[in-house]
Amino acid sequence: MTLPPEEGERVLCVKTGAVLIPGTGLALIGGLLVLTNRRLYHGPLNTKLAGRLLSTVAGSAAPPGVDRAIDLIVGWSNKARAVRLEDITSVGAAGRTVLRITTRDGERRRFGIAAGWRTPVWSRHNIAHRDEMVAAVQWAIQQAARG
């Protein structure tokens, strides 16, 4: 996946991204959530060094398999995620940090947004940033539909 912008792409809005940990109210803050005139993109977190350190420490002191679990979590959080605007059928907000979208195939995706790198996911300061991105995505979808 190419980092935005690609040729012919314009950046419309950029926010601090958060990778939401499924089934919890927690998130890993980091990376960027970038809206362009073609797609919504969450750039990967840079957690490889911390993950390697945790994996090494866990490998020597923890039960078998913990180091592998840490490696899997770090790999998952480092993946880039992108959705083309033309594939988005609905956009909404949830909680204080979540931008929720539904795509044409019925898949629901959640992107975390934080006010800044050091802002906890439960902070009320995230709401304005989340709402700004929701409005920007809605506007970008309308513009993309017009051609």
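Figured I'd write up the structure that's included with this text. All of these numbers come straight from a predicted model, not from anything done at the bench.

About the criteria used
- Residues numbered from 1 in each chain as written.
- Predicted model: local features only at pLDDT ≥ 70, side-chain atom pairs only at ≥ 80, totals over all residues.
- Heavy atoms only, no water.
- Helix = DSSP H or I, 4+ residues; strand = E, 2+ residues; numbered from the N terminus.
- Buried < 20%, exposed > 50% of the residue type's maximum accessible area, 1.4 Å probe, protein only.
- Contact = heavy atoms within 4.5 Å.
- Areas by Shrake-Rupley, 256 points an atom, 1.4 Å probe, with all protein chains shown as cover.
- Expected span 1.5 Å × (residues − 1).
- Core = buried A, V, L, I, M, F, W, Y, C linked by side-chain atoms within 4.5 Å.
- Salt bridge = Lys/Arg side-chain N within 4 Å of Asp/Glu carboxyl O.

**Observations concerning the overall build of the protein**
Inference 1: If you tally the helices and strands in the protein, you get three helices and seven strands.
Inference 2: In sequence order, the secondary structure elements of the protein are arranged as β-β-β-α-α-β-β-β-β-α.
Inference 3: Expressed as a percentage of the 147 residues in the protein, the buried residues total 39%.
Inference 4: Sequence separation of 24 or more characterises 59% of the internal contacts of the protein that already satisfy a separation of 6 or more.
Inference 5: Just so you have it, the protein exposes about 8700 Å², and 55% of that area is on carbon and sulfur atoms.

**What about helix 3 (residues 126-146)?**
Inference 1: Helix length check: helix 3 (21 residues) gives 31 Å between terminal C-alpha atoms against 30 Å at 1.5 Å per residue, within 8%.
Inference 2: Of all the residues in helix 3, the buried ones are Asn126, Arg130, Met133, Val134, Ala136, Val137 and Ala140.
Inference 3: Phi for Gly147, located one or two positions after helix 3, is positive at around 95°.

**Points about the nonpolar core**
Inference 1: Counting 17 residues, the largest nonpolar core has Leu35, Leu40, Leu99, Met133 and Val137 as the members making the most contacts within it.
Inference 2: Secondary structure elements with two or more residues in this core: strand 2 (27-36), strand 5 (88-94), strand 6 (98-103), strand 7 (108-114) and helix 3.
Inference 3: Broken down by element, the residue count for this core peaks at five residues, all from helix 3.
Inference 4: Each residue touching Leu35, except ones within four places of it in the same chain, is listed here: Arg10, Val11, Leu12, Cys13, Leu40, Leu85, Met133, Ala136, Val137 and Ala140.

**Some details on the pattern of salt bridges**
Inference 1: Applying the stated criterion across every chain, the model contains seven salt bridges.
Inference 2: Salt-bridge contacts for Asp87 lead to Arg104; the nearest nitrogen and oxygen are separated by 3.2 Å. Remark: Arg104 occurs in the loop between strand 6 and strand 7 and Asp87 occurs in the loop between strand 4 (81-84) and strand 5; sequence separation between them is 17 residues.
Inference 3: Linking Arg109 and Glu107 is a salt bridge whose minimum nitrogen-to-oxygen distance equals 3.5 Å.
Inference 4: Taken together, the salt bridges that share partners define one network made up of Arg84, Glu86, Asp87 and Arg104.

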